[in-house]
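Here are the chains, one letter per residue:
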Amino acid sequence: MDVPVLKQGPFLIATVQSALTDADLAQMRRLLIEQVGKFRSRGVIVDVTAVDVLDSYACRTLRDIAHMTGFRGAATVIVGIHPELAFTMVQLGLSLEGVATALDLEEGLAYLNARTRPTIARGNSPRNSAGPPRNGTHTRGKR
Amino acid sequence: MASAERIGIRSDRDILLARQRGRELGRSVGFVATDLTLIATAISELARNIVLYAREGVIELRVVTEDSHRGLVIVARDHGPGIVDVNRAMQDGYSTSGGLGLGLPGVKRLMDGFEIHSRAGRGTTVQIAKWLRT
Amino acid sequence: MVTRGTLQQPAVGATGTESAIALLRELVAHLRQNRTQLREEWARRITEAELLTAMTKEEIFAEATSVYDNYVEALETGTFEALQSYSRNLSERIIPRGVETHEVVGIVLLLRDVLARSLFAKYQGDFTKLNRILDAYEPAANRIANTVAVGFVQERERIIREQQEAIRELSTPVLQVRERLLILPIIGVIDPQRARQLTEQLLRGIRTNRAKVVVIDITGVAAMDAAVANHLVQTVDASRLLGATVIVTGLSPEIAQTLVTIGVDLGKMTTVGDLQGGIEEAERLLGYKVLPLVESPVEA
């Protein structure tokens, strides 16, 4: 079963619809890396909300995607990992170190927007410093 | 639903089938969502080891009752090359095929019971169990 | 009354079964007839044996009546569902009053004894008949005693589990202090089961509150061994998989010392001295800036 990949502006969004075989996962990896080059994408979101198991092979594939797209100049963020999955993954020792994660699609987009925003005027640190907080007693900047 | 099942493992599709069946059987026993995920993931790891190293084998799923405890026992059996050094395979980070370990220590951490028997050239049997928390 | 078996059934087995049924019927009739007297006798023996001391005489008599009727019904019908549900119900009522397992087992055995004695009295002239009646009575009576005792123990276990669960829930509150910021103060001893429950609760909390930063305060944790420290590392990692950053606060010097000694890698963890510092760090991460109201510039 193929994973649909949607092009959304400078980003690619891959939505994993159901349980994937190893071959499906490998196919998704190929497709994403190919399309990152083709569309000169700046970011990739892999949405795993519908996934019920992320075992060592799936985690390795996700890591490969993050690293490979990274080499091609695109940031990857994995979104929608369920609490039970997260619990299981860390017990297996699969904590996706070095791979960005976000709660859901919305958060993933916010992360990529902050990360890939042109930063010429603001120096070289796009992370966690999306502009100074606005005035007010409690202000919240966009992350 | 039957309280025991046997799934032949030959391809990556069978891995999905086995973990899906494990999840269904686990649900019938009454496991909570987190435990079902632990069970399905453990089955996935064992089934993949079969496909990767032995090419074929079986996964057996069985609902068991011992004293007043109910649980799910999963046996992964193959007649593949076997594991030469089981103790080493049970250490975190051990791998025979370039980075991807057998994941056996991880599987052990997910479950309540874990037993492995392996002989080089003969094959491997891994039996794991999850008990319903009372 | 003994009837011969029909062609469909093996004669011996059928005769045996049917005669047992007939004997049970006779037995039930006897127990019905002497209900008032036997029930009183039983209640008296209960008081004598100083069982169910938490209950008044009237209560004991009322319960004895219900148990007696259910008992006879189970003997008659051979089905135990009604008795099972009654014994669960009874247990639910008497457990909070401090009735112990040995008391429940005791009263059921007493009833068995009272009834057996009345059978001895009734059939003392016919030893063969007495034996056959007892053969029919014994297995059923044993099963009844078993059902009631097991029902009680199960109910007790259920209540204990519920209480433990409630205590655990209470002892690990996940609090939202600001939008997207959760605090998890941990107090007391952490065992593997509690660690798991705590992690699951936190992960659910992160999802429902869409939290981006979590402060785990362990000021109230007295001691930490390698296993618990690893659970803490796992909790931090799992939270990150959901997109949340964890800040650990309140590591006591003793715990810090222990962790260094056992070689736990806390390098991946953000730690801040105390809860207040942790919250400030969390606010910084979230882009909040707290200013005194008087000095706060005019809203843009």
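Everything below is about the structure printed above this text.
Heads up: these notes are all about the structure in this document. (Residues numbered from 1 in each chain as written. Chains lettered and ligands numbered in written order. Predicted model: local features only at pLDDT ≥ 70, side-chain atom pairs only at ≥ 80, totals over all residues. Heavy atoms only, no water.)

### Considerations on the overall build of chain B
Phase 1: Per the secondary structure count, chain B includes four helices and five strands.
Phase 2: Ordered by position from the N terminus, the helices and strands of chain B form the series β-α-α-β-β-α-α-β-β.
Phase 3: Scored against the burial criterion, the 134 residues of chain B give a buried share of 51%.
Phase 4: Once local pairs closer than 6 in sequence are excluded, the contacts in chain B between residues at least 24 apart make up 60%.
Phase 5: Of the roughly 6400 Å² that chain B leaves accessible, carbon and sulfur atoms contribute 46%. (Helix = DSSP H or I, 4+ residues; strand = E, 2+ residues; numbered from the N terminus. Buried < 20%, exposed > 50% of the residue type's maximum accessible area, 1.4 Å probe, protein only. Contact = heavy atoms within 4.5 Å. Areas by Shrake-Rupley, 256 points an atom, 1.4 Å probe, with all protein chains shown as cover.)

### A closer look at the sheet that holds strand 4 (residues 75–79) of chain A
Consider a sheet: its strands pair through backbone hydrogen bonds, and that pairing is either parallel or antiparallel.
All names here are of chain A.
Phase 1: Here we have five strands laid out as an open sheet, ordered 1-2-3-4-5, and mixed in their pairing. Edge positions in the sheet fall to strand 1 (5–8) and strand 5 (100–102), since each of these pairs with one other strand and no more. Along the sheet, successive strands turn relative to each other by an average axial angle of 25 degrees, direction set aside. (Pairing = 2+ DSSP bridges. Axes fitted to C-alpha atoms, helices over the stretch in contact; angles between N-to-C directions.)

### Details of helix 5 (residues 101–122) of chain C
Phase 1: In a regular helix each residue adds 1.5 Å, so 22 residues correspond to 32 Å; helix 5 of chain C covers 32 Å between its end C-alpha atoms and thus fits that length.
Phase 2: Taken residue by residue, helix 5 of chain C has Glu103(C), Val104(C), Gly106(C), Ile107(C), Val108(C), Leu110(C), Leu111(C), Val114(C), Leu115(C), Ala116(C), Ser118(C) and Leu119(C) as its buried positions. (Expected span 1.5 Å × (residues − 1).)

### Section: the packing of helix 1 (residues 12–29) of chain B against helix 2 (residues 33–54) of chain B
Residue and element names in this part refer to chain B.
Phase 1: Contact geometry for helix 1 and helix 2: axes closest at 8 Å, N-to-C directions at 150 degrees. One element, helix 1, and the other, helix 2, form an angle in the roughly antiparallel class. When you trace helix 1 past helix 2, the crossing you get is right-handed. Along the contact surface, helix 1 presents Ile 15, Ala 18, Arg 19, Gly 22, Arg 23, Gly 26 and Arg 27, while helix 2 presents Leu 36, Thr 37, Ile 39, Ala 40, Ile 43, Ser 44, Ala 47, Arg 48 and Val 51. (Parallel < 35°, antiparallel > 145°, perpendicular 65-115°, else oblique. Left-handed = near helix turned anticlockwise from the far one by under 90°.)

### Section: the interface of chain B and chain A
Phase 1: Of the residues lining the interface, 22 residues belong to chain B; the matching set on chain A comes to 19 residues.
Phase 2: Both sides of the chain B and chain A interface together cover about 1800 Å² of buried area, and 56% of this is carbon and sulfur.
Phase 3: Here chain B and chain A share four salt bridges between them.
Phase 4: Counting the contacts that link chain B with chain A gives eight residue pairs in polar contact (both at pLDDT 80 or more). (Buried area = accessible area lost by both parts, 1.4 Å probe. Salt bridge = Lys/Arg side-chain N within 4 Å of Asp/Glu carboxyl O. Polar contact = N/O pair within 3.5 Å; in protein donor to acceptor, adjacent residues only side chain to side chain.)

### A few points about the side chain of Glu63(C)
Residue and element names in this part refer to chain C.
Phase 1: Its place among the elements puts Glu 63 in helix 3 (residues 57–77).
Phase 2: For Glu 63, a relative accessible area of 14% corresponds to the buried category.
Phase 3: Not counting residues within four places of it along the chain, the set of residues in contact with Glu 63 comprises Met 55, Tyr 86, Leu 90 and Arg 93.

### Looking at the packing of aromatic side chains
Phase 1: With the rule as written, the count across this model stands at zero aromatic pairs over all chains.
Phase 2: For Arg178(C), the ring lying beneath its charged end belongs to Tyr288(C), and the centroid distance is 5.5 Å. (Phe/Tyr/Trp six-rings, centres within 6.5 Å; stacked < 30°, edge-to-face > 60°. Lys NZ or Arg CZ within 6 Å of the ring centre and 35° of its normal.)

### Let's talk about helix 2 (residues 56–71) of chain A
Phase 1: Under the 1.5 Å per step criterion, the end-to-end length of helix 2 of chain A is 22 Å for 16 residues, consistent within 8% with the ideal 22 Å.
Phase 2: Buried within helix 2 of chain A are the following residues: Ser56(A), Tyr57(A), Ala58(A), Cys59(A), Thr61(A), Leu62(A), Ile65(A), Ala66(A) and Thr69(A).
Phase 3: Next to the buried residues of helix 2 of chain A lie helix 1 (22–39), strand 3 (43–47), strand 4 and helix 3 (83–92) of chain A together with helix 2 of chain B.
Phase 4: Where helix 2 of chain A terminates, the next one or two residues include Gly73(A), which has phi positive at roughly 85 degrees.

### As for the sheet that holds strand 3 (residues 213–220) of chain C
Residues and elements named next belong to chain C.
Phase 1: Ordered in space as 1-2-3-4-5, the five strands form an open sheet in which the pairing is mixed. Each having just a single partner strand, strand 1 (175–178) and strand 5 (270–272) make up the two edges of the open sheet. Neighbouring strand axes in the sheet, compared pairwise and without regard to direction, differ in orientation by 30 degrees on average.
Phase 2: Here strand 2 (residues 181–187) runs beside strand 3; their pairing, made up of six bridges, is parallel. Across the sheet, Pro 185 pairs through a bridge with Asp 217, a residue of strand 3.
Phase 3: Lying over the sheet, helix 7 (residues 192–209) contacts strand 1, strand 2 and strand 3, oriented at roughly 165 degrees with respect to strand 2.
Phase 4: Each of strand 1, strand 2, strand 3, strand 4 (245–249) and strand 5 is contacted by helix 10 (residues 275–286), which is oriented at about 175 degrees to strand 3, the strand it contacts most.

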